[in-house]
Amino acid sequence: MGTILKLIAKRLATGLVVLWLVSLIIFSGLEFLPGDLAQEILGQSATPESLAAFRKELGLDQPMHTRYLKWLGGVFHGDFGKSLSNQRQISELIGVRFANTMFLASLAAIIAVPIALTLGILAALYRNTFFDRLINVLTLSSISFPEFFIAYILIYLFSVKINFFPSLANISPDTPLWDRVYICLLPAMTLTLVVVAHMMRLTRASIINLLASPYIEMAKLKGLKKARIILYHALPNALAPIINVVVLNLAYLIVGVVIVEVVFVYPGLGQLIVDSVQKRDMPVVQACSLIFAATYVLLNLTADILSIITNPRMLYPK
Amino acid sequence: MTQPIKTMGESTDAVPPPIRETSRFKNALQELKKAPLTAKFGLLVISAYIFVALFAPLIAPYGESQIVGPEYEPWGHFVLGTDNLGRDMLTRLIYGARNTVGIAFVTTLFAFFIGGSAGIFAAILGGWVDSVFSRIVDILMAIPQLIFALLLLTIFGTSIPVLIGIIAVLDSTRVFRLARAVSQNVVVMDYVEVARLRGERIGWITLREVLPNITAPLVAEFGMRFCFVFLLIAGLSFLGLGLQPPTADWGSMVRDNATLISYGDITPLLPAAAIALLTVGTNFVVDWFLHKTSGLKS
C-alpha cells in the first residue's frame, strides 16, 4: 500500500508543477501583445499622462514577476481582473457560463459513456463479423467529421425537418432542469457522436487484447458462456484501461465543447472565449484558457491516478 | 523497353533486376489491386481533391470572390446557388479545395519538419537534449490544442502565416513524440553504432541511417496528422479565426451561410461534407497502410 501512495503523491506533485507552468505560459501571453494593455484600452489618442496614470492603476509599471504573483493570487480568490471590452469583472462573466459548460459536458458524458462501452464490448465479442466491420467503418467516419458538420446535420434532421428539438440552445439560470436537458439534448448528442467513436475503439482494443490471454482460454475450455467470460473474467481486468479512456475523453469533451457551443449559441465558456478572441480581449481569453487548461490537466491527472489504483498488480508489489 | 530480354533470360535471380523503379511501381500497382474497397475509395477521393485543387481556376465557372448575382440564390441557374454575398457557391467550393487543403498540407509539412527533426535528434543525442525537448513537449501538450491556438491567435492576430506557424508548432509536439519513440528503436541498432564509430555527423546519421528505417510509421502519421490539422484549421475558420475573407474557405463558408439550414436548405452542409469526405478518405488509406506495413514487418 505504501508504494501506491508514493506513486500517487508523485503524480500529484508533477500535476501541480504542470499546472503552475501552464499558468505561467498563459500569463506571459500578455507580455507578447504588441503595444501594451493601457494603450489597447485607451486607444491611440490617449495622452502620455493618462497612459502613465492608467498603467499605474493597472499595475503595469511593476515588473513582470510581481504582476504574475498578483494575478495568480487573484485567480486563487476567483478574481481574474476586468474585461477590456466592457470593463466588467471577469469572474461575473465566467461563473454562470462555467456551470453551463459543465452541465453540457456532463450531459454528453452521461449519454456517451454507456453507449461507447456497450458498443465496444459487443464489437469485441463479435470480432471480425459484419457487425464489427460496420461499427469500425462508422466510427472511423465519425472521427473524421468536423464537429460543426455533425451539429448541423442534427439540426437539419431534428429541428428543421421534424421540428422536435430547438436549434438554438438558449438557457438562462432560472430554466428548470428538465427544460435544460431537453434544450441541451441536440448539442449533447453532437458531442456524444464526436467522442463515442474513440472511446468505443479503445474499449474494443483493450478487451480483444485481454481475450488473447491464457486465463480467458482456460475459461473457454471450461465451457463457460461467452457473455460470462466477457463480463466476469475479462471486464474486471479491462477496467483500468477503460477508465483511462473514459476520463481522457471527458478531457476531450471539455475542449470539443467550444465549437458545439458556438453552433448552438449556447451561453457557455466556449462561446465566451471565441467572442473574446475576436475582440482580442486578452484578460478574458487568459481566464478562460486557464480554466479550460486546468480542467484538462486535472482530468488527465485523474486518469493517471485511477489507472494506478485500478491496477491490481500495484497493490502487491514484488 | 528492356522487358523482353529480362523475361527471356532463364536465371534472372542471380542478377538483380536492372530497373528497380519499374518493379517497385509494379509492386505498388499489385498492392493497390489487392487493397480493400475502403482504401481504393480513399485514394480515389484524395486524387480527386488534388486534381480540383491544382486546376481550380480552370474548373471553376467564375472568379474566386466575384459577385455574380443576388444573395442566397437557390440551386438552378448557378449550379449550387449563391452565398451570403451573391458569390457562386460551386466556385467557392472549388477554390476552397485549393485554400483549405493547401494550407492544411503546408502546415502539416512544417509540423513534420519541426517535430520530426527534433524527435530524431532527441533520440540520437539522448542525454540532456532529449530530456529538455521532452519536457518542453510535455508542457506544450498539457494545454488543449484548440485552447492554446485560441490564446496564441489573440496575441498574434489572425493571418495565414501566423495560423500556419501556430498550428505547425502545436502539432509538431505530437510528431515529436512518435518520431522520438520510433527512432529510439533504430538508434540502438549496430549499424548506427558503426556509423557513429566511423565518425559520421549527426546529419548523415539522421538522413541516411535513421530516417529510411522510420518512414513507414511517419508516413502513416502524416496522414493522420493531416486530418487533425485540417479539422483544426476548418474549426478555427468556422469560428471566424482561421482564413480570413475574401479567401474561399470551407470552414468559413459553413459559418457564413449557416442561416440557410433553418430554411431547410442543405447548401451550407456541402463545404462541411467536403471536409468530412477528405478526412474519411485519408483515414481509410492510413488504416490500410498501417495494416499493410505492420503485416509486412512481422
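The preceding data block contains the structure.
Residues numbered from 1 in each chain as written. Chains lettered and ligands numbered in written order. Predicted model: local features only at pLDDT ≥ 70, side-chain atom pairs only at ≥ 80, totals over all residues. Heavy atoms only, no water.

Draft legend 1. Structural context of the overall build of chain B. On a plain count of helices and strands, chain B comes out with 13 helices and 0 strands. Reading the secondary structure of chain B in the N-to-C direction produces α-α-α-α-α-α-α-α-α-α-α-α-α. Across the 298 residues of chain B, 46% fall into the buried class. Looking at chain B alone, contacts between residues at least 24 apart form 70% of all its contacts between residues at least 6 apart. (Helix = DSSP H or I, 4+ residues; strand = E, 2+ residues; numbered from the N terminus. Buried < 20%, exposed > 50% of the residue type's maximum accessible area, 1.4 Å probe, protein only. Contact = heavy atoms within 4.5 Å.)

Draft legend 2. Layout of the overall build of chain A. Counting its secondary structure elements, chain A contains 13 helices and 0 strands. Of the regular secondary structure in chain A, the N- to C-terminal order runs α-α-α-α-α-α-α-α-α-α-α-α-α. The buried share among the 318 residues of chain A stands at 47%. When contacts within chain A are restricted to residue pairs at least 6 apart in sequence, those whose partners lie at least 24 apart make up 72%. Surface summary for chain A: the accessible area is close to 16,100 Å², and the carbon and sulfur share equals 67%. (Areas by Shrake-Rupley, 256 points an atom, 1.4 Å probe, with all protein chains shown as cover.)

Draft legend 3. Summary view of the interface of chain B and chain A. Facing 40 residues of chain B, the contacting portion of chain A comprises 43 residues. Linking chain B to chain A there are 3 residue pairs in polar contact (both at pLDDT 80 or more). The leading source of residues in the side of chain B that touches chain A is helix α13 (residues 269-297) of chain B, at 10 residues. Split by residue class, the side of chain B that touches chain A holds 28 nonpolar, 10 polar and 2 charged. (Polar contact = N/O pair within 3.5 Å; in protein donor to acceptor, adjacent residues only side chain to side chain. Nonpolar A, V, L, I, M, F, W, Y, C, P; charged D, E, K, R; others polar.)

Draft legend 4. Representation of the environment of isoleucine 205 of chain B within the structure. All names here are of chain B. Tracing the backbone through its elements, the reader meets isoleucine 205 in helix α10 (residues 202-210). Considering only alpha carbons, one finds isoleucine 205 and glycine 242, 37 residues apart in sequence, at a separation of 38 Å. In contact with isoleucine 205, other than residues within four places in its own chain, are Ile124, Val192, Arg196, Glu200 and Val210.

Draft legend 5. Representation of the side chain of threonine 192 of chain A. Looking at the secondary structure, you find threonine 192 of chain A in helix α8 (residues 177-211). If we skip the residues at most four places from it in the chain, threonine 192 of chain A touches Ala108, Ile111 and Ala112 of chain A.

Draft legend 6. Highlighting the environment of isoleucine 273 of chain A. Residues and elements named next belong to chain A. Inspection of the secondary structure assignment puts isoleucine 273 in helix α11 (residues 269-279). By relative accessible area, isoleucine 273 is classed as buried at 0%. For the pair isoleucine 273 and arginine 11, spaced 262 residues apart in sequence, the C-alpha separation works out to 30 Å.

Draft legend 7. Local environment of the packing of aromatic side chains. Across all of its chains, the model carries 13 aromatic pairs over all chains by this definition. Taking 6.4 Å as the distance between ring centres and 90 degrees as the angle between the ring planes, the aromatic pair formed by tyrosine 126 of chain A and phenylalanine 131 of chain A counts as edge-to-face. Note on tyrosine 126 of chain A: relative accessible area 42%, which makes it partly exposed. Residue classification places phenylalanine 131 of chain A among the partly exposed positions, given a relative accessible area of 32%. Considering the side-chain rings of tyrosine 49 of chain B and tryptophan 250 of chain B, the 5.9 Å spacing of their centres and the 90 degrees angle between planes classify their relative orientation as edge-to-face. With tyrosine 49 of chain B in helix α3 (residues 37-54) and tryptophan 250 of chain B in helix α12 (residues 250-257), this pair connects stretches of sequence that are 201 residues apart. Comparing tyrosine 49 of chain B with tryptophan 250 of chain B shows no difference in burial state: the two are buried. In this structure an aromatic cluster arises from ring pairing among Tyr49, Phe226, Phe230 and Trp250 of chain B. Geometry around phenylalanine 103 of chain A places arginine 180 of chain A over its ring, the cationic atom sitting 5.7 Å from the centre. Above the ring of phenylalanine 228 of chain B, the side-chain terminus of arginine 225 of chain B is found at 4.6 Å from the ring centroid. (Phe/Tyr/Trp six-rings, centres within 6.5 Å; stacked < 30°, edge-to-face > 60°. Lys NZ or Arg CZ within 6 Å of the ring centre and 35° of its normal.)

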